[in-house]
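Read off the chains here:
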Amino acid sequence: MSRVELTAAVSDAGGLGSFGAHHLHPTELDATLTRLSAATDRPFAVNLWVPLPGEPRTLDPLTHAGQSDALAPWFRRARIEPPAYRAPAPPDFEAQVEVLLERRPAVFSFVFGIPEPGILAECRRRGIRTLGAATHLDEGLALRDAGIDAVVASGYEAGGHRPAFLRPAEDSIATGPLTAQLSAALDIPVIAAGGIADGRGVASALMLGADAVQVGTAFLATDQSGAPDAHKQMLRSPRARYTALTTAFSGRLARGIRNEFLDEHANADLPPYPQQLWLTAPIKAAAAHSGDAELLALWSGQGAPLLTERHDATEVFDHLVTGTTRTLRSFDRSTQE
């Protein structure tokens, strides 16, 4: 759902725009970095997923056949035929990293683990800052020990995938306690993320010890976002009050707005990532085209009900800054009285 336009808009506004590139093959990543560099002269981050040990590298025919049968009603709902069997492979992480090292974005951020020491050393040598995501204090300590420049405290409330790698994803800690724990334990910057959608949330995270804040859902709903229109509409609807953690769309635990597809697969035995992701991809693509929100992966943090009617990313950024300043000043005045 990342778009060059959104990344550039946030960076130009004074933030650190980030582009989620885990799905891009190396040549696609290289082309995207060219477009990003042309779109903004400000620093930006590129995010990749570290492969988890034991993760499937392809889709076997038996899994394809069985899950295609299980998904048959949803293919019919999407008005498409189940795709013929093929053996896809995820983008090669090492090759993606080679492109990043060559192109030298300001920041390399990653989730689901820690790149090998040689990669981190080369980032330091080339002046690329590194950000790793933690869902638990154990993971934050591991990232610090690996020499990461800053840790993202990815709280339970966050939308999208839970980037756990040392603890089960279900063990994720809420943003407030996680931010406080990491800021107390680490001597590197901590970036709070999860459920933060307005200035009050930003200010709260800063008072808990965060050095910065990462906001996702509020920008997902903007005009510059690559999310389907039906997804953006749901983010601004009363339905956004009701989110759940699910493996239904990708095989990995992620938070999204509840819809028919999510609810029907609440207790299903599903293939792991990336197999489930490949199998559901045609359904989601068709739903994005038709506007059927009940079949989309409606990623959303628990802060979505706080979204305003600002649809431009620059206006959202300015509103966050203004709201944060107002909240902090109000707090200062109240403590002085």
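First things first, this report covers the structure right here in the doc. Remember, predicted model here, so these are calculated numbers, not experimental data.

What about the packing of aromatic side chains?
Item 1. Using the criterion set out here, one finds 6 aromatic pairs in the structure.
Item 2. Both rings, one in Phe249 and one in Trp299, keep their centres 5.8 Å apart while their planes meet at 85°; by these two values the pair is edge-to-face. Residue Phe249 is found in the loop between strand S9 (243–246) and strand S10 (254–257), and its partner Trp299 is found in the loop between helix H13 (275–290) and helix H14 (313–336); the two are separated by 50 residues along the sequence.
Item 3. Linked through ring pairs, Trp74, Phe249, Phe261 and Trp299 together constitute an aromatic cluster.
Item 4. In this structure, Arg252 packs its charged tip against the face of Phe112, placed 4.0 Å from the ring centre.
Item 5. Directly above the ring of Tyr156 sits Arg255, whose terminal nitrogen or CZ lies 4.7 Å from the centroid.

Notes on the sheet that holds strand S7 (residues 190–193)
Item 1. Pairing is parallel across the open sheet formed by 7 strands, whose spatial order is S1-S2-S3-S4-S5-S7-S8. Both edges of this open sheet fall to strand S1 (17–20) and strand S8 (212–214), since each of them pairs with a single strand only. Shown here is a sheet whose adjacent strand axes are inclined to one another by a mean of 25°, direction ignored.
Item 2. Here strand S2 (residues 44–49) pairs with strand S3 (residues 107–111) via 5 bridges, running parallel. Note that in S3 the partner of Asn47 across the bridge is Ser109.

Re the pairing of S3
Item 1. Across the 5 residues of S3, 5 count as buried, placing the element largely inside the fold.
Item 2. Neither face of S3 is left uncovered, since the one carrying Val107, Ser109 and Val111 and the one carrying Phe108 and Phe110 both have all their residues buried.
Item 3. Where S3 and strand S4 (residues 129–134) come together, 4 bridges link them in parallel fashion. Within S4, the position partnered with Val107 by the bridge is Arg129.
Item 4. Of the crossover connections in this fold, the one passing from S3 over helix H6 (residues 117–126) to the parallel S4 is right-handed.

Notes on the pairing of S7
Item 1. Where burial is concerned, the two faces of S7 agree: the one with Val190 and Ala192 and the one with Ile191 and Ala193 are both buried.
Item 2. With 4 bridges joining them, strand S5 (residues 150–154) and S7 adopt parallel strand pairing. In the strand pairing of S7, Ser154 is matched with Ala193.
Item 3. Pairing geometry for S7 and S8, over 3 bridges, is parallel. Its bridge partner being in S8, Ala193 is matched across the sheet by Gln214.
Item 4. For the handedness criterion, the β-α-β arrangement of S7, helix H9 (residues 199–207) and S8 is classed as right-handed.

Some words on the sheet that holds S9
Item 1. The sheet built from 3 strands is open, its strands ordered S6-S10-S9 with antiparallel pairing. The strands lining the two open edges of the sheet, one partner per strand, are strand S6 (160–161) and S9.
Item 2. The sheet contact formed by S6 and S10 spans 2 bridges and is antiparallel. Residue pairing in the sheet places Gly160 in a bridge with Arg255 of S10.

What to know about helix H3 (residues 61–70)
Because an α-helix completes one turn every 3.6 residues, residues spaced three or four positions apart along the sequence face the same direction.
Item 1. All of the buried residues along H3 are His64, Gln67 and Ser68. Within H3, the buried residues cover an arc of 105° as seen down the axis, which keeps them to one side. Facing away from the buried surface of H3 by more than 90 degrees, the exposed residues are Leu62 and Asp69.
Item 2. At its buried positions, H3 is contacted by helix H4 (72–77) and H13.
Item 3. With a side-chain oxygen lying 3.2 Å from the backbone nitrogen of Leu62, the N-terminal cap of H3 falls on Asp60.

Structural notes on the pattern of salt bridges
Two side chains with opposite charge may pair up if their charged atoms get near one another.
Item 1. Under the counting rule described, the total for this entry stands at 13 salt bridges.
Item 2. In this structure, Glu55 and Arg252 form a salt bridge, with 2.0 Å as the shortest nitrogen-oxygen distance. With Glu55 in the loop between S2 and H3 and Arg252 in the loop between S9 and S10, the pair connects residues that are 197 residues apart, well separated along the chain.
Item 3. A relative accessible area of 16% places Glu55 in the buried class.
Item 4. Overall, the relative accessible area of 9% leaves Arg252 in the buried class.
Item 5. Put simply, Asp149 and Arg129 hold a salt bridge, and the shortest N to O gap is 3.8 Å. With a gap of 20 residues between them, Asp149 in the loop between helix H7 (137–145) and S5 and Arg129 in strand S4 connect regions that are remote in the sequence.
Item 6. Judged by its relative accessible area of 53%, Arg129 is exposed.
Item 7. A cluster of three or more residues bridged by salt bridges with shared partners is formed by Arg77, Glu260 and Asp292.

Examining the environment of Leu71
Item 1. Inspection of the secondary structure puts Leu71 in the loop between H3 and H4.
Item 2. Its relative accessible area of 0% is what places Leu71 among the buried residues.
Item 3. Considering only alpha carbons, one finds Leu71 and Leu279, 208 residues apart in sequence, at a separation of 8.5 Å.

About the cut-offs
- Residues numbered from 1 in each chain as written.
- Predicted model: local features only at pLDDT ≥ 70, side-chain atom pairs only at ≥ 80, totals over all residues.
- Heavy atoms only, no water.
- Phe/Tyr/Trp six-rings, centres within 6.5 Å; stacked < 30°, edge-to-face > 60°.
- Helix = DSSP H or I, 4+ residues; strand = E, 2+ residues; numbered from the N terminus.
- Lys NZ or Arg CZ within 6 Å of the ring centre and 35° of its normal.
- Pairing = 2+ DSSP bridges.
- Axes fitted to C-alpha atoms, helices over the stretch in contact; angles between N-to-C directions.
- Buried < 20%, exposed > 50% of the residue type's maximum accessible area, 1.4 Å probe, protein only.
- Right-handed = clockwise from strand over helix to strand, strands pointing away.
- Arc of directions from axis to C-beta.
- Contact = heavy atoms within 4.5 Å.
- Polar contact = N/O pair within 3.5 Å; in protein donor to acceptor, adjacent residues only side chain to side chain.
- Salt bridge = Lys/Arg side-chain N within 4 Å of Asp/Glu carboxyl O.

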